[in-house]
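# Geometric and topological summary
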Amino acid sequence: MPRIRRELYNKEICACSIFGAMNRDGERFTGKGVMKAIANMHVRGNGLGGGFAAYGIYPEYKDYYAFHLMFTGNSPEAKRSAKIGFDAFLCENFDVVSDDEIPHSDEVVVSDPPLIWRYYVLPRKQGEEALLSDEDYIVKMVMHVNTKIENAHVFSSGKNMGCFKGVGYPEDIGEYFMLDKLYSAYTWTVHGRFPTNTQAWWGGAHPFSLLNTTVVHNGEISSYGTNRWYLEMYGYACTLQTDTEVIAYAVDLLMRRQSIPIEIVAKILAPPIWNSIDRMDEKEKKLLTTLRMVYGSLLMNGPFAIIIGQTGKMIGLTDRIRLRPITAATRGEMFYLSSEEASIRLISPVLDSVWTPNGGEPVVGELNNMRTVL
Amino acid sequence: METVEIDATGISTEDLNERLMALMLDGTEKFVLKNVCGQRYIGTRLYSKNGNKPRVDIDITGTPGSDLGAFMSGHRVRVHGNVQDGVGNTMDDGEIVVEGRAGDVLGMSMRGGKIFIRDNTGYRTALHMKEYLDKKPVLVIGGTTQDFLGEYMAGGIVILLGLGELPHNQTFIGTGMHGGVIYIRGKVDKLQVAGQVDISEPGVEDRKLLDKFVGEFIESFPDLGLNKEEILKGDFIKLAPKSKRPYAKMYA
Amino acid sequence: MKSFVFPEFQIIRDEEKCGQCRGCERQCSFGTHTYDPLTDRLISDDYKCAGCQRCVIFCPKDAIVVRPTQSFYRPNASWSREKIEDLKKQAETGGVILTGCGNDKPFRIYWDHIVLNASQVTNPSIDPLREPMELRTFLGAKPDLMDIDFKGGDVEIKTKISPHLMVETPILFSAMSYGAISYNAFKSLATASKQFGTLFNTGEGGLPRELRAEFGGNAIVQVASGRYGIDAEYLNCAAAVEIKVGQGAKPGIGGHLPGEKVSQSVAETRMIPVGTDAISPAPHHDIYSIEDLSMLIHALKEATNYEKPVSVKIAAVHNVAAIASGIVRAGADIIAIDGLRGGTGAAPKAIRDNVGIPIELAISALDMRLKNEGIRNRCSIVAAGGLRSSSDIIKAIALGADAVYIGTAALIAMGCTLCQKCNTGKCNWGLCTQDPRLSGRLNTEIATKRLTNLLNAWSHEIMEMLGGMGINAIESLRGNRDHLRGIGLYEWELEVLGIKGAGQ
């Protein structure tokens, strides 16, 4: 599929705080604790972006893809008209079983909120699209909406999970969406943002997500230009002007489409240095050399710490020379990841273990029993 | 001598050549390939890096694809049928015998070995053929060729026997020729030949060469019942470059 | 016929300093300096001087200055001195003006209009002296997706990976054939590439048999339209095979090694008789179209048992991106593109100075085209022609090249002064000559050292610049135009380069 692209790269740079909490037994809990934890890292953000990913929040609709949409515009009429345009597209390509405006609290003052809507859908594939898997179809449609339909932006598209994000401090965004009251999840990931070079917009807040994968990210990706063109060759449209989305797409490409486990994916995103590879035994050396050779363009260069959320999984990873911090901890069935240990201690003063993982080595929390959420 | 017969029906170029390579390394010395139809580069891959130089015979029925024997290093190929373009391209050594006709650029940049074609050949036969010391490629054609015979020719021996019905009608013979020799049995007008080529009658040494290679040609096609004396009796002309520096005076 | 052409250079000798040692006389192969025993003086003939500065540097008394002569013609923006004198030469000989080295005309040099990025605050710059900084580069075709098998803890790659070249720095030596350059220059390039862990390119003049075992692993052997010196051993001893379709200095025309350069040893390497003109036809006569190129690519893969990557080198011409896209689809693993400023041992000046496009634009156009078509993975891009420094190289990589070829730069490292007389075969620096008296002047050990020094210095500078951008592996810069900005460029130029203007 030829894609002629004329626009120039626009990369936003931001520093951030990240936090994640998971109950590995699948027991669900509200967003209250994570809001408190991220608020403790208030000074790492600057109020220009906050967001949450929550897994297990739509058990009654768990077989449907939950689309979260932002409709933007200068006036309420413009936002509504963006929605009308999108609805026509949606009805043509999906069966919509239910939809509603995502509830928000009017008591929280946020700047220029878009109209935010939620749809539970099933794909309606036509013609040649029948050959696509449901997931590839969703990816294709999400990319279409985000590049072609003006003022409409899909920011969450998985099953039994959802993202909530906007411009503001994360604790304010949490309250705006009433995450401490309305939703219970077994995994929460959170992001507080400190963008440095552009005015904030709601779509630019973290997490970035595609299907069930979400990414919150602290750092800057110096290899963005290289990563972006590589992913664009595989049909991922990088529209959000933010380096983080390339991680979400890389994870989707590698983990979903190529079924590569996270341990190997980590070696692609943050490979060992050649000096270490040269010292390995033949078999490992060959594997890692080949991975770097083939996937060199997906190496995420520059400082990063990320928390990847997936159904039944929460993964922490830093760049190969650990230029951004991450701390991992467990308490019973709870598994935590955070930019700072203090935030974990705030909501769980006693911990079974606390550690800082090595650069480039993933830490993975997995549900003990997937059936509790599927 | 171990012989392996392969029915090439439906086998891809790559698979066929891979099988030949594996079998050669295992010691096979003769291949009989049946129903060859378009598979390219036969003989090209057959090179052993470990220093010994295996020599195999390849007997082909059907129509092999282009670049038959390209870069080949010393095998014997016999084709019962016609061959396409690029036969013997940059061939280093070996022998190709074709019971039929050949396409364009036959023996291009050939540096050694022999090719015998029973019938006619296409454009640019023996283009830029070269030689070094005693390494001289030889190309004998039973019939005649199309235009640009011996273009840029830098070495080697080409013989056209004109045994078929077609007269020697080709033009631009030997354009840019600066080495080697072409012998043509039959009539060629001076206007058919490029200016930098000298036309003469074969001398005693030339007659020896003709005797040797016409003899080998006849032996290669015993079924034709050709008579060497008859053929050699005919009129031959010799084409050789006037200079081995054709472009020495081009520059300011 | 009396020549009306002025001397190009003026030789000024300080008679006070000159010790009549006759060193200059011995150094000059053009016969510029002669000793007059009657006056015990050295006389210099300006008309013969090539301006190569050999006598200046080797004069033990520093008594000689060679400088361009003052123009004697009335200044004229249209009729430059060069135009007038070339015309006179042709009126006197009726011949084609031949020259060496690369295009020296003032076309825009885009490298000098592009600036690099560096990290400040939001992203740490990295210090290559203390932190890892990786330049290792692989050249070849990458699979689109990889099939990986997991059984137990065991990981196995099931996808067949095409052969690749590995270099420790993204700098390779460009094709310079033995014949065009001297044996010592050729061997120095081979030795330096082996010592440093990179590759040299044999050009189309073959690879002398005695060098094959030792240097084959660092050689890219060329198959050009002349097909000189090619046999199965030549192809199989090398790291890769390159089909040379075109050259930046002379796109669209062939080559011609004049008979006087075909010495015994050159003849043996090329496998042609001593003293004959070695002609490389303009096209490959087995390539009249893209499907023919595909056939030759696969013939060479067959001839090397699919163990070597096959590169195709073309000159950067108007439709370079579209042509290269076809070349990728024809099965090439590497595309080498050679720009307007690429060097040569001999080319008609009219062609050298007027045909082709700058390499900067060609790299970018090609990289973007392949990405838009979704086939950028399927080949590596090696850029050549006019790379003068480590900063040019890093910009080339950010514009989309995987690695670069340096030719002129390597010659300068060994002593070349760009006098543009390569075609005469009289190179006083022992580089572009087959005269044993001249080529013996090039000490291979020293030349090798000068080359590895250059590779070292440039690699280190590249690391410093990479570190400044917050990148610690060269693959993260490839095609990463984010780190480039243009200065003083028109909108269309920025668009072709795919970069923003500075400050944007």
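This is a predicted model, so every value here is computed, not measured.

### Details of the overall build of chain C
- The number of helices and strands found in chain C is 16 helices and 23 strands.
- Its C-alpha atoms give chain C a radius of gyration of 24 Å, within 12% of the compact-globule value 23 Å for 504 residues.
- Each of the three principal axes of chain C carries a C-alpha extent, and together these read 95 × 55 × 45 Å.
- Of all 504 residues assigned to chain C, the portion counted as buried reaches 58%.
- Relative to all contacts within chain C whose residues are 6 or more apart in sequence, the contacts with residues 24 or more apart total 69%.

### Brief notes about the overall build of chain A
- Looking only at helices and strands, one finds eleven helices and 18 strands in chain A.
- Relative to the compact-globule value of 21 Å for 374 residues, chain A shows a C-alpha radius of gyration of 20 Å, a close match.
- Each of the three principal axes of chain A carries a C-alpha extent, and together these read 60 × 50 × 45 Å.
- Across the 374 residues of chain A, 54% fall into the buried class.
- Across chain A, contacts joining residues at least 24 apart in sequence account for 75% of those joining residues at least 6 apart.

### Quick look at the interface of chain C and chain B
- Contacts between chain C and chain B engage 33 residues on the former and 41 residues on the latter.
- Sorting the residues of the side of chain C that touches chain B by element identifies helix H3 (81-93), helix H6 (232-236) and helix H8 (290-303) of chain C as the ones contributing at least two each.
- When residues in the side of chain C that touches chain B are grouped by element, the largest group, five residues, is from H8(C).
- Among the residues forming the side of chain C that touches chain B, the class breakdown is 16 nonpolar, eleven polar and six charged.

### Looking at the packing of helix H4 (residues 183-196) of chain C against helix H15 (residues 444-468) of chain C
Residue and element names in this part refer to chain C.
- Between H4 and H15, whose axes approach to 8 Å, the crossing angle comes to 45 degrees. Looking at the two axes, H4 sits oblique to H15. With respect to the hand of their crossing, H4 and H15 are arranged in right-handed fashion. Facing H4, whose interface residues are Asn 184, Ala 185, Lys 187, Ser 188, Leu 189, Thr 191, Ala 192, Gln 195 and Phe 196, H15 presents Thr 444, Ala 447, Thr 448, Leu 451, Thr 452 and Leu 455.

### Section: the interface of chain C and chain A
- Listed by partner, the interface residues are 38 residues for chain C and 39 residues for chain A.
- Looking at the side of chain C that touches chain A, the elements with two or more residues in it are strand S8 (148-151), strand S9 (154-157) and helix H11 (359-372) of chain C.
- A breakdown of the residues in the side of chain C that touches chain A according to their chemical character gives 15 nonpolar, eleven polar and twelve charged.

### Brief notes about the environment of B:Val77
Residue and element names in this part refer to chain B.
- Mapped onto the elements of the fold, Val 77 is located in strand S4 (residues 73-80).
- Taking the number of C-beta atoms within 10 Å as the measure of exposure, Val 77 has 26 and is therefore buried.
- Dropping the residues within four chain positions of it, Val 77 is found in contact with Gly 43, Ile 58, Ile 60, Leu 68, Gly 69 and Ile 96.

### A word on the packing of helix H12 (residues 390-398) of chain C against H15(C)
Residues and elements named next belong to chain C.
- Relative orientation of the contacting elements H12 and H15 amounts to 55 degrees, with a least axis distance of 9 Å. Considering their axes alone, H12 and H15 lie oblique with respect to each other. Every pair of crossing elements has a handedness; the one defined by H12 and H15 is right-handed. For the pair H12 and H15, the contacting residues are Ser 390, Ser 391, Ile 393 and Ile 394 in the first and Trp 458, Glu 461, Ile 462 and Met 465 in the second.
- The class makeup of the residues in the contact of H12 with H15 is five nonpolar, two polar and one charged.

### Observations regarding the domain arrangement of chain C
All names here are of chain C.
- With domains assigned, chain C is organised as domain 1 (9-71) and domain 2 (137-145 + 166-251 + 287-501).
- Here the C-alpha centre of domain 2 lies 37 Å away from the C-alpha centre of domain 1.
- Taken together, the contact pairs nine residues of domain 1 with seven residues of domain 2.
- Classifying every residue of the side of domain 1 that touches domain 2 by side-chain character gives four nonpolar, four polar and one charged.

### Here we look at the sheet that holds strand S10 (residues 197-200) of chain B
Residue and element names in this part refer to chain B.
- Pairing is mixed in the open sheet, where eleven strands are placed in the order S1-S2-S3-S4-S5-S6-S7-S8-S9-S11-S10. The strands lining the two open edges of the sheet, one partner per strand, are strand S1 (3-7) and S10. Along the sheet, successive strands turn relative to each other by an average axial angle of 15 degrees, direction set aside.
- Bridge count for S4 against strand S5 (residues 93-98) is six bridges, and the pairing is parallel. Looking across to S5, one finds that Val 79 is bridged to Val 98.
- Lying on the sheet, helix H2 (residues 204-220) is in contact with S5, strand S6 (114-117), strand S7 (138-141), strand S8 (154-160), strand S9 (179-185) and strand S11 (236-241); it crosses S8 at an angle near 60 degrees.

### Comments concerning the nonpolar core
All names here are of chain C.
- Ranked by size, the top nonpolar core spans 330 residues in total, and within it Val 320, Ile 335, Ile 337, Val 382 and Val 404 carry the most contacts.
- With nine residues, H15 is the largest single contributor of residues to this core.
- With near-sequence residues (within four places) excluded, Val 404 lies in contact with Pro 170, Ile 171, Val 382, Ala 383, Ala 384, Leu 387, Ile 393 and Ala 396.

### Some points on unusual backbone geometry
- That bond from A:His206 to A:Pro207 is cis: its omega, 0 degrees, falls within 30 degrees of zero.
- Relative to the helices and strands, A:Pro207 resides in the loop between strand S10 (187-195) and strand S11 (208-210).
- Backbone geometry places B:Asp67, a non-glycine residue, at a positive phi of 60 degrees.
- Tracing the chain through its elements places B:Asp67 in the loop between strand S3 (57-63) and S4.
- B:Asp67 sits in the buried class, given 31 other C-beta atoms within 10 Å.

### Side note on the confidence of the model for chain A
- With 94% of its residues at a pLDDT of 70 or more, chain A has an overall mean of 90.
- A low-confidence stretch, residues 1-9 of chain A stays under pLDDT 50, and its non-local contacts, those more than four residues away or across chains, total twelve contacts.

### Some points on the sheet that holds strand S21 (residues 403-406) of chain C
Residues and elements named next belong to chain C.
- Strand order across the open sheet formed by eight strands is S11-S21-S20-S18-S17-S14-S13-S12, with parallel pairing between neighbours. Because the sheet does not close on itself, it has two edges, and the strands there are strand S11 (171-173) and strand S12 (200-201).
- Of the strands in this sheet, strand S13 (219-223), strand S14 (240-244) and strand S17 (310-315) are in contact with H8, which crosses S17 at around 145 degrees.

### A few points about the pairing of S10(A)
Residue and element names in this part refer to chain A.
- Counting buried positions over the nine residues of S10 gives eight, a clear majority of the element.
- Pairing analysis gives six bridges linking strand S3 (residues 50-55) to S10, with the strands arranged antiparallel. Bridge pairing in S10 links Phe 52 to Val 190.

### Details of the arrangement of the chains
- Taking contact number as the criterion, the leading pair out of two pairs of chains in contact is chains B and C.
- A gap remains between chain A and chain B, which never touch, and the nearest two C-alpha atoms on either side lie 24 Å apart.

### What to know about H3(C)
- Compared with the 18 Å implied by 1.5 Å per residue over 13 residues, the 18 Å span of H3(C) between its first and last C-alpha is a close match.
- Once H3(C) ends, the next one or two residues include C:Gly94, with phi positive near 75 degrees.

Criteria and thresholds
Residues numbered from 1 in each chain as written. Chains lettered and ligands numbered in written order. Predicted model: local features only at pLDDT ≥ 70, side-chain atom pairs only at ≥ 80, totals over all residues. Helix = DSSP H or I, 4+ residues; strand = E, 2+ residues; numbered from the N terminus. Rg over C-alpha atoms; globule rule 2.2 N^0.38 Å. Buried ≥ 20, exposed ≤ 12 C-beta atoms within 10 Å, placed from the backbone. Contact = placed C-beta atoms within 7 Å. Nonpolar A, V, L, I, M, F, W, Y, C, P; charged D, E, K, R; others polar. Axes fitted to C-alpha atoms, helices over the stretch in contact; angles between N-to-C directions. Parallel < 35°, antiparallel > 145°, perpendicular 65-115°, else oblique. Left-handed = near helix turned anticlockwise from the far one by under 90°. Domains from an automatic or database assignment. Pairing = 2+ DSSP bridges. Core = buried A, V, L, I, M, F, W, Y, C linked by C-beta atoms within 7 Å. pLDDT = per-residue confidence, 0-100. Expected span 1.5 Å × (residues − 1).

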